[in-house]
Amino acid sequence: NPTPSVQWQVSTDGGGTWVSVAGATSTIYLLTASTRETGYEYQAVFTNVAGSATTNAATLTVPAEPISRFSGYIAYAAPGASFSAVTASWTVPTVTCPPGAKTWATQWPGIGYGASVEQDGTQESCLEGSPSYGAWYEMLGDPSVNEGLAVTVPPLTYPVSPGDAITASVSISGSTWTLALKDTTKPWTFNINIPSPTPALNQGAAQWLVEGPAVGGAYGLADFGAVRFTGATADLNGQTGPISAFSPIALQMTSGSTLRAAPGPLDPTGEDFTDTWYAN
């Protein structure tokens, strides 16, 4: 007595620092949460002329978002932080093409999420039962680069075959993005530098994924068997680390109750995992 005021606070570093949430001055705090906020802690501070009292902290856990086209790992940056580099290596898988099959799959690392992702990798497809392989890059969210759609790396100069050892990376230095692909089997190296557009592209997440077509479209998910990502790292605010250093979330590719593809656990280094095909 008198009735105290209340102010909610949030911590994104395990309770090390607390920041007041703007406008959160009721005894009930309602918010719409995303998976990137898993691990955030919340507390309420009550204050009157007699002093203040702070509640125990509540830790937020948000289940993985139901993304059906992606299988692998994604890590989100805390507010105010950003990823500036991501890389991974893998061996191009051999796809199985049943007669008449129309399927495809891609493997890539990337920075960003949603409608703004900078990425590069390899693709396998089946058209009328015949397999094909290639490399590509994409500046999703930058209409000046092929209207934000994937760009095929010239296959005659940069051919891709099953069994090729590939390393892909995406990075930004200053205002320039660099997308690089290296085939150590052929061998060849592809690099392209792209000025950052205005507004700047998203740097709020790092991703290491297998991507498949949308459910119900003309194509199914190519049977790639299994593909192992190795040396998967990222740079967050100048610090480089393995996937495991960034509180990653595992994504499974699903169609209703059908599991299409899923990642295995990270190995002890935190950099390697195997992604496995289950259904098209």
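First, a word on what this report is: a plain description of the structure on this page. As the structure is a prediction and not an experimental result, all values here were calculated from the model. (Residues numbered from 1 in each chain as written. Predicted model: local features only at pLDDT ≥ 70, side-chain atom pairs only at ≥ 80, totals over all residues. Heavy atoms only, no water.)

1. Focus: the packing of aromatic side chains
- Tallied over the full model, the rule gives eleven aromatic pairs.
- Aromatic side chains Phe229 and Phe273 sit 4.9 Å apart centroid to centroid with 10° between the ring planes, which places their arrangement in the stacked category. One end of the pair, Phe229, is in strand 17 (residues 226–236); the other, Phe273, is in strand 22 (residues 273–277), with 44 residues separating them in the sequence.
- Here Phe229 falls in the buried class, since its relative accessible area comes to 0%.
- Here the aromatic residues Tyr73, Trp90, Phe229 and Phe273 are joined through ring pairs into a cluster of three or more.
- Over the ring of Tyr219 we find Lys102; its NZ or CZ atom is 5.2 Å from the centre of that ring. (Phe/Tyr/Trp six-rings, centres within 6.5 Å; stacked < 30°, edge-to-face > 60°. Helix = DSSP H or I, 4+ residues; strand = E, 2+ residues; numbered from the N terminus. Buried < 20%, exposed > 50% of the residue type's maximum accessible area, 1.4 Å probe, protein only. Lys NZ or Arg CZ within 6 Å of the ring centre and 35° of its normal.)

2. Here we look at the nonpolar core
- Counting 48 residues, the largest nonpolar core has Phe83, Tyr137, Trp177, Trp208 and Phe224 as the members making the most contacts within it.
- Apart from the residues within four sequence positions on either side, Trp177 is in contact with Ile111, Glu118, Met139, Val170, Ser171, Ile172, Ile192, Asn193, Ile194, Ser196, Leu201 and Gln203. (Core = buried A, V, L, I, M, F, W, Y, C linked by side-chain atoms within 4.5 Å. Contact = heavy atoms within 4.5 Å.)

3. Brief notes about unusual backbone geometry
- Note the cis peptide between Asn1 and Pro2, where omega equals 5°.
- On the secondary structure map, Pro2 appears in the segment before strand 1 (5–11).
- Cis geometry is adopted by the peptide bond preceding Pro187, which originates at Lys186 and carries an omega value of -5°.
- Here Pro187 is to be found in the loop between strand 13 (176–183) and strand 14 (188–195).
- Look at Asn237: it is not a glycine, yet its phi comes out positive at around 50°.
- Within the fold, Asn237 resides in the loop between strand 17 and strand 18 (239–242).

4. Structural notes on the state of the cysteines
- With the rule as written, the count across this model stands at one disulfide.
- Bridging Cys97 to Cys126, the disulfide has an S-S length of 1.9 Å. Between Cys97 and Cys126, the S-S dihedral sits near -75°, and the bridge is therefore left-handed. One end of the pair, Cys97, is in the loop between strand 7 (83–91) and strand 8 (102–113); the other, Cys126, is in strand 9 (residues 116–127), with 29 residues separating them in the sequence.
- By relative accessible area, Cys97 is classed as buried at 18%.
- On the accessibility criterion, Cys126 (0% relative accessible area) is buried. (Disulfide = S-S within 2.5 Å.)

5. Observations regarding the pattern of salt bridges
- For the coordinates displayed, the defined rule picks out two salt bridges.
- One salt bridge in this structure joins Glu211 and Arg69, with 2.8 Å as the shortest N-O distance. Of the two residues, Glu211 is situated in strand 15 (residues 205–211) and Arg69 in the loop between strand 5 (58–59) and strand 6 (70–76); the sequence distance between them amounts to 142 residues.
- Arg69 sits in the partly exposed class, given a relative accessible area of 27%.
- For Asp164, the salt bridge goes to Lys186, with nearest N and O atoms at 2.7 Å. You can see Asp164 sitting in the loop between strand 11 (151–152) and strand 12 (165–173) and its partner Lys186 sitting in the loop between strand 13 and strand 14, a full 22 residues away along the chain.
- On the basis of relative accessibility, which here comes to 33%, the residue Lys186 falls in the partly exposed class. (Salt bridge = Lys/Arg side-chain N within 4 Å of Asp/Glu carboxyl O.)

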